[in-house]
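# Examining the three-dimensional arrangement
The chain contents come next:
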Amino acid sequence: MSARITASVYTSHVPAIGVAMDLGTTDEPYWQPLFSGYEPAREWMRAHTPDVVILVYNDHGNAFSLEMIPTFALGMAPSYEPADEGWGARPVPIVGGHPALSAHLAQSVIPQDFDLTLVNGMKVDHGLTVPLSIMFGQPDSWPCPVVPLAVNVVQYPVPSGRRCLQLGRAIRRAVESFDDDLDVQVWGTGGMSHQLQGPRAGLINQPWDTAFMDRLIADPDGLADVPHIDYLREAGSEGIELVMWLIARGAMADCADLAGATGRADRAGGAAPSVAHRLYHVPASNTAVGQLILEDRS
Ligand code: DHB
Ligand code: FE
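Anyway, here's the lowdown on the structure attached to this text. (Residues numbered from 1 in each chain as written. Chains lettered and ligands numbered in written order. Predicted model: local features only at pLDDT ≥ 70, side-chain atom pairs only at ≥ 80, totals over all residues. Heavy atoms only, no water.)

## What about the environment of P207?
The test is simple: Comment: elements are numbered from the N terminus, with helices defined as DSSP H or I runs of at least four residues and strands as E runs of at least two. Relative accessibility thresholds used throughout: buried, under 20% of the residue-type maximum; exposed, over 50%; partly exposed, between the two (1.4 Å probe, protein chains only).
As for its position among the elements, P207 is in helix 6 (residues 206–218). Of the residues examined, P207 reaches a relative accessible area of 62% and is grouped as exposed. With 27 residues separating them in the primary sequence, P207 and E234 have C-alpha atoms 9.6 Å apart.

Dropping the structure here:
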């Protein structure tokens, strides 16, 4: 039996959310509504913990820097330590990897014309660890291995929405050709609207965020045509992180296309996913927080 993608998860990665958990302040009035909003997602996750998460995220100048800017970087390592982002590494478990699945993803996705950068060793910052904390809480060890896929959304030019959706499709084909009986989730992280610097610092655009989530669910192909300048104008300079959500969305059954490397037309266009959870909350630090869980029905 081969591996399969059963669900996709989408979540913001605001570092202050990780700090609230690490310092035990989640019951304070500022945080309590957000963390009670997360509870249904955590309950869902307890019942649907996968065998592996392919976690699409962005590094913030911790593993990479302006000296080296890979557009798509796939983690190949057996484990990834939390990075020191300037105030010590987060007190969270080391993230276990899945080298066999990583190797297979590279073997499958690169021949599908996505020239991934392969990373045999790196530390992971809040872009990866905060989504884990949001979904899994504070366990002694993370409940499943993670394959990190780091996307450059920090330094322009960033990959297009179309490119991200297509990469998700390629990842689905890769997972379905991995000869191991694995339940795989793909997570798309970052966002929602936020801008951390300049005259528009603090920007939040709730109507745009809401429309983004609506379209991500119902019209991913149309959403993939939105150019990066629209993210910048409407969702702020860091709102471009949202383009990563399209990678996870492209990996769902209904996005599978006929032009796949497998040429298996019967795989194309599966059932639309069902919405297991949806959350929108303002504010968390300087951002709007969004969360979505889509379950594959096919
Ligand atoms: C904040 C948000 C981010 O996405 C980030 O990477 C750093 C900080 C913030 O809102 O504080
Ligand atoms: Fe960020």
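## Details of the packing of aromatic side chains
Let me state the cut-off plainly: Any two of the Phe, Tyr and Trp rings considered here, Trp counted by its six-membered ring, make a pair once their centres fall within 6.5 Å; the pair's planes then place it as stacked at under 30 degrees, edge-to-face at over 60, or tilted in between.
By the definition in use, this model includes ten aromatic pairs. Taken together, a centroid distance of 4.8 Å and an interplanar angle of 85° make the contact between Y30 and W31 edge-to-face. Note on Y30: relative accessible area 39%, which makes it partly exposed. Centroid distance F212 to Y231: 6.1 Å. Interplanar angle 70°. Geometry classified as edge-to-face. Highlighted residues: F212 in helix 6 and Y231 in helix 8 (residues 228–235), separated in sequence by 19 residues. Residue classification places Y231 among the buried positions, given a relative accessible area of 1%.

## Remarks on the sheet that holds strand 8 (residues 183–189)
This is how the line gets drawn: For two strands to be treated as a pair, DSSP must find at least two bridges joining them. Axis definition: a line fitted to C-alpha atoms, limited for helices to the stretch in contact. Angles are taken between N-to-C directions and run from 0 to 180 degrees. Residue contacts follow a heavy-atom distance rule, with two residues in contact if any of their heavy atoms lie within 4.5 Å.
Strand order in the open sheet formed by eight strands is 6-3-7-2-8-1-10-9, with mixed pairing between adjacent strands. At either end of the open sheet lies a strand with only one pairing partner, and these are strand 6 (117–119) and strand 9 (274–284). The sheet shows a mean angle of 20° between the axes of neighbouring strands, taken without regard to direction. Those strands touched by helix 2 (residues 32–47) are strand 1 (4–11), strand 8, strand 9 and strand 10 (287–295), and its axis lies near 160° from that of strand 9.

## With respect to the coordination of the iron ion (ligand 2)
We count it as follows: For Na, K and Ca the donor cutoff is 3.2 Å, while for all other metals N, O and S atoms must lie within 2.8 Å; water is not among the atoms, so some sites may look incomplete.
For the iron ion (ligand 2), the full set of protein donor atoms is H13 (NE2), H60 (NE2) and E241 (OE), at a range of 2.0 to 2.3 Å. Mapping the donors of the iron ion (ligand 2) onto the primary sequence yields the spacing H-x46-H-x180-E. Residue H13 is located in the loop between strand 1 and helix 1 (15–23), and its partner H60 is located in the loop between strand 2 (52–57) and strand 3 (72–75); the two are separated by 47 residues in the primary sequence. With relative accessibility at 2%, the residue H13 sits in the buried group. Taking the relative accessible area as the measure of exposure, H60 reaches 26% and is therefore partly exposed.

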